[in-house]
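# Structural overview
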Amino acid sequence: MDGTHVGIRVSAVLPAGGCGERLRAPKPKQFCSLLGRALFSHTLIAFDSVPWIEEVVVVVTAEHTNEARSILKSSRFTKVTLAQAGSSRHRSILSGLNLLSERASGPPDVVIIHDAVRPFVETETMMAVVNAAMECGAAGVVRPLVSTVVKVDGKGFLEDSLERSKYRASEMPQAFRFSIIHDAYLKCSEYELDFGTECLHVALKYAGARSRLLPGSQDLWKVTYKKDLHAAEGLMKDALAKDMCWLCQKDCLCGPAAELKSALGRRFALNEARNSTFMSEQTSVFNFICVQFADQKQGLESAALLKEVLEHKQWRHLPVVLIMVLFAHPSLLSGLHGAFPCDRSLALSAQEKGVLVYGLMINSSEGEAGQEAVSRAMGVVESLVESRDGRLVGQLFSS
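So, here is what we can say about the structure in this document. These numbers were taken from a predicted model, which means no experiment stands behind them.

### Brief notes about the overall build of the protein
In terms of regular secondary structure, the protein is built from 14 helices and 17 strands. When the accessible surface of the protein is split by element, carbon and sulfur atoms take 50% of a total near 19200 Å².

And the structure:
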């Protein structure tokens, strides 16, 4: 099975009912903002984009159902539904499984269980655990233990120490034949439902399914503490800042424009385009430079370009950076300052669709002045791309 076989139906359950006490935030961690979106919505990106996953059930508390529903609506996820969380992790998972069991088309063949606060999960990993679950009934990913595990007695003294090489840390995602994991949960004791945490153990104890354990990547960690939230945002920003699309109608460039393009090529994986079509259809590049020249009568008009792009595309998941660059002689800069790149209301409207718009005016003089202007401009571009700061949308920077 390659994950797309028509005879295999796959769904997912993402428990998101925890209170996140260890994060010490005013709201549960799954609802904390990460690049302008709730943490759990980043996890949903990975699942919603996999064509062979039929349905994703997110299990949330009644208290946060309205907030979750609003997030799902704004992100336009196509196959995500909500279920009500129970008083414990196992009870929440059972709630999601029960919902899938009630579908008119019948339950799926395989169900993936994954924590909603683990945003870094690859399609290949999902496929691997699904394949293993079809073969063995249950499967999960594991990682080597980083620290030695010790047993403490009732008085706070060391009682025993485990041999670390024989043990692994259980991670997510995990996958099960639906009939196995659902029946196992229905057989769980009340104590297990209240205090248990390991789904693989439930499948072994109540259904006799020995899980296939697959080595997982180091990115499958769970956001638990505030430092994890910052680390997750940093990793996402790093990933988004790798590529750049250069939008320019001029074929032959010289002076500062050529130097800027060369500098961008050293910093980013640079793609080139002549019009907005590439931008509106692009799914893997999240940074765009639109270059214009004050003396170019047929240049791309920035506000019109932005409107055209937004009519064709809404980046519903991750923020796109669009920097409108204008090369102009110093004598023209002051006169152009008030009209470029677009008014703030348009920039704010674009932000609602996931596009962060900034303006950058660069001195087009030749020689040392132009070189210094390009150097400063590169600093601005790198800062905007790396920070993805929504508070600066519509701002005009000069170099």
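Continuing now.
### What to know about a nonpolar patch on the surface
A grouping of Val-149, Leu-162 and Tyr-167 is seen on the molecular surface, where their side chains present a nonpolar patch of about 230 Å² in accessible area. Positionally, Tyr-167 belongs in the loop between β9 (158-161) and β10 (168-177).

### Remarks on the sheet that holds strand β12 (residues 243-247)
Read from one edge to the other, the open sheet built from six strands follows the order β13-β12-β14-β15-β16-β17, with strand pairing classed as parallel. Strands with a single pairing partner mark the edges of an open sheet, and in this sheet they are β13 (269-273) and β17 (396-398). Sheet twist, expressed as the average angle between the axes of neighbouring strands with direction ignored, equals 25°. For strand β15 (residues 320-328) and strand β16 (residues 355-363), the ladder comprises nine bridges, and the chain directions are parallel.

### Quick look at the pairing of strand β4 (residues 53-60)
Taken across its eight residues, β4 has seven buried, putting it largely inside the fold. Two elements, strand β1 (residues 10-15) and β4, share six bridges in a ladder whose sense is parallel. When the bridges of β4 are listed, Val-13 appears paired with Val-57. The sheet contact formed by β4 and strand β5 (residues 80-84) spans five bridges and is parallel. By the bridge assignment, Val-57 is partnered in β5 with Thr-81. Handedness of the crossover joining β4 and β5 through helix α2 (residues 65-75) is recorded here as right-handed.

### Some points on the pattern of salt bridges
Working definition: two side chains of opposite charge can pair if their charged atoms are close together. For the structure on display, the rule yields 15 salt bridges. Residue Arg-91 is joined to Asp-194 by a salt bridge in which the shortest nitrogen-to-oxygen separation is 2.7 Å. Of this pair, Arg-91 sits in helix α3 (residues 89-101) while Asp-194 sits in helix α6 (residues 190-195), and the two are 103 residues apart along the sequence.

### Description of the environment of His-90
Tracing the chain through its elements places His-90 in helix α3. In sequence terms His-90 and Glu-198 are 108 residues apart; their C-alpha atoms lie 8.4 Å from each other. For His-90, the residues in contact, after removing those within four places along its chain, are Tyr-185, Glu-192, Leu-193, Gly-196, Thr-197, Glu-198, Cys-199 and Val-202.

### A few points about the side chain of Ser-92
With respect to the secondary-structure elements, Ser-92 resides in helix α3. Note on Ser-92: relative accessible area 4%, which makes it buried. If sequence neighbours within four positions are ignored, Ser-92 has contacts with Val-59, Ala-85 and Gly-86.

### Points about the pairing of β16
Taken residue by residue, a regular strand's side chains alternate between the two faces of the sheet. Among the nine residues of β16, nine are classified as buried, and the element is accordingly described as predominantly covered. Across the two faces of β16 the burial is the same, with Val-355, Val-357, Gly-359, Met-361 and Asn-363 and Leu-356, Tyr-358, Leu-360 and Ile-362 all buried. Where β16 lies against β17, three bridges are found, and the strand directions are parallel. For Leu-360, the partnering residue across the bridge sits in β17 and is Phe-397. Once you follow β16 into helix α14 (residues 368-387) and on to β17, the crossover reads as left-handed.

### Brief notes about unusual backbone geometry
Pro-173 follows Met-172 through a cis peptide bond whose omega is 10°. Within the secondary structure layout, Pro-173 lies in strand β10. Phi angles above zero are rare outside glycine, and Arg-76 is one such case at about 55°. Following the sequence through the fold, Arg-76 ends up in the loop between α2 and β5.

### Let's talk about the packing of helix α1 (residues 39-48) against α2
Direction vectors running N to C along α1 and α2 enclose 45°, while the axes themselves pass 11 Å from each other. Judged on the interaxial angle alone, α2 and α1 are oblique. The two elements α1 and α2 meet at a crossing, and its hand is right-handed. Counted together, Phe-40, Ser-41 and Leu-44 of α1 and Ala-68, Ile-71 and Leu-72 of α2 form the full contact between these two elements. Tallied by class, residues from the contact of α1 with α2 come to five nonpolar, one polar and no charged.

### Some points on the nonpolar core
With 66 residues, the main nonpolar core has Phe-40, Phe-47 and Ile-112 as its most contacted residues. Counting residues per element, this core draws most heavily on α1, at six residues. Those residues in contact with Ile-112, other than ones at most four positions away along the chain, are Val-10, Ser-11, Ala-12, Val-13, Phe-47, Trp-52, Ile-53, Met-126, Val-130, Pro-173, Gln-174 and Ala-175. Trp-246, Phe-268, Val-291 and Val-380 belong to the second largest nonpolar core, which has 29 residues in total.

Quick notes on the rules
- Residues numbered from 1 in each chain as written.
- Predicted model: local features only at pLDDT ≥ 70, side-chain atom pairs only at ≥ 80, totals over all residues.
- Heavy atoms only, no water.
- Helix = DSSP H or I, 4+ residues; strand = E, 2+ residues; numbered from the N terminus.
- Areas by Shrake-Rupley, 256 points an atom, 1.4 Å probe, with all protein chains shown as cover.
- Patch = residues over 30% accessible without salt bridge, like charges linked within 9 Å, V, L, I, M, F, W, Y side chains within 5 Å.
- Salt bridge = Lys/Arg side-chain N within 4 Å of Asp/Glu carboxyl O.
- Pairing = 2+ DSSP bridges.
- Axes fitted to C-alpha atoms, helices over the stretch in contact; angles between N-to-C directions.
- Buried < 20%, exposed > 50% of the residue type's maximum accessible area, 1.4 Å probe, protein only.
- Right-handed = clockwise from strand over helix to strand, strands pointing away.
- Contact = heavy atoms within 4.5 Å.
- Parallel < 35°, antiparallel > 145°, perpendicular 65-115°, else oblique.
- Left-handed = near helix turned anticlockwise from the far one by under 90°.
- Nonpolar A, V, L, I, M, F, W, Y, C, P; charged D, E, K, R; others polar.
- Core = buried A, V, L, I, M, F, W, Y, C linked by side-chain atoms within 4.5 Å.

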